[in-house]
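One-letter residues, chain by chain:
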Amino acid sequence: MADPAPVRLCFVCLGNICRSPTAEGVMAALVDEAGLTGRIVVDSAGTGDWHRGELPDERARAEARRRGVELTSRATTFRAGDAHAYDLVLAMDRSNLADLLDRTPEPALRERIHLLREFDPALTPDDRWGGEVPDPWAGGEQGFVVVYDLIEAACRGLLAHVRETLPAPEDG
Ligand code: 4NP
């Protein structure tokens, strides 16, 4: 029998050079570790297009490398209609979320768009970051450490959520 269609995820931030490529790399590593390569596929994009074609910011790459993850994606832009291509679109902050919803008028597609940290099981109402992954671009290297930790926790929760939607291997 043919393999079931993969679950397709797209992580989105503003520039697609700091937060969303980190989430893409972290999630890809978690998916591989879980033995789910090819069953969950990951992508990322930015709502802005200033950095199209660039590798991730060196500070994001250095922090990921320190944790054993190589970030190799090139920046692309999330355009109107792109939500069709994904099962879930994960925004890093509420500004990204609003921009994604502006580009996605169709109600059925809007349901696919969420804040990434909604999937962090440890998220509390008094969260220091207001439930967002804060933009680290204009700050120092410590911001990239915080961002990595927030992304990893949320991606672990996201993986658990997506796993529940996958058919068991014996069903497929
Ligand atoms: P990101 O960070 O959205 O996490 O990729 C940023 C990168 C670049 C800019 C802003 C945020 N920028 O204004 O160029």
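Within each chain, residues carry numbers counting from 1 in the order of the written sequence. For this predicted model, a pLDDT threshold of at least 70 governs which residues receive local features, and a threshold of 80 or more governs which side-chain atom pairs are given and counted, while totals over whole chains, interfaces and linings are taken from all residues. As a rule here, side-chain values cover all heavy atoms of the structure and leave hydrogens and water aside.

A. Layout of the site of the ligand. When we say a residue is near a molecule or strand, we mean one of its heavy atoms is within 4 Å of it. As a matter of local geometry, the ligand sits amid Cys-13, Leu-14, Gly-15, Asn-16, Ile-17, Cys-18, Arg-19, Trp-50, His-51, Asp-135 and Trp-137. Think of a polar contact as two N or O atoms within 3.5 Å of one another; within protein, one of them needs to be a possible hydrogen donor and the other a possible acceptor, and neighboring residues in sequence only count if both atoms come from side chains. Leu-14 places a main-chain nitrogen or oxygen 2.9 Å from an oxygen atom of the ligand. Within the contact set of the ligand, an oxygen atom lies 2.9 Å away from a backbone nitrogen or oxygen of Cys-18. All accessible areas in this document rest on Shrake-Rupley with a 1.4 Å probe, and a residue is counted as covered only by the protein chains that are shown. Contact with the protein chains removes 91% of the 350 Å² of surface that the ligand exposes when unbound. For the shell around the ligand, the residue count by class is six nonpolar, three polar and two charged. Here the nonpolar group is Ala, Val, Leu, Ile, Met, Phe, Trp, Tyr, Cys and Pro; Asp, Glu, Lys and Arg are the charged ones; every other residue, Gly included, is treated as polar.

B. Examining the sheet that holds strand β4 (residues 113–115) more closely. Strands qualify as paired when DSSP identifies two bridges or more between them. In this text, helices come from DSSP runs of H or I with a minimum length of four residues, and strands from runs of E with a minimum of two, each type numbered from the N-terminal end. Pairing is parallel across the open sheet formed by four strands, whose spatial order is β2-β1-β3-β4. The strands lining the two open edges of the sheet, one partner per strand, are β2 (40–46) and β4. Averaged over all pairs of adjacent strands, the angle between their axes in this sheet comes to 25°, without regard to strand direction. Sheet topology places strand β3 (residues 88–91) next to β4; three bridges connect them, and they run parallel. Looking at the pairing, Val-89 lines up with Ile-113 of β4. Contacts between residues were defined by any pair of non-hydrogen atoms, one from each residue, lying within 4.5 Å. Helix axes are fitted to C-alpha atoms over the stretch in contact, other axes to C-alpha atoms as well, and angles between N-to-C directions run from 0 to 180 degrees. Against the sheet, helix α3 (residues 94–102) contacts β1 (7–13), β3 and β4, and its axis sits at roughly 170° relative to β4.

Function cannot be read off these values alone, since they describe shape.
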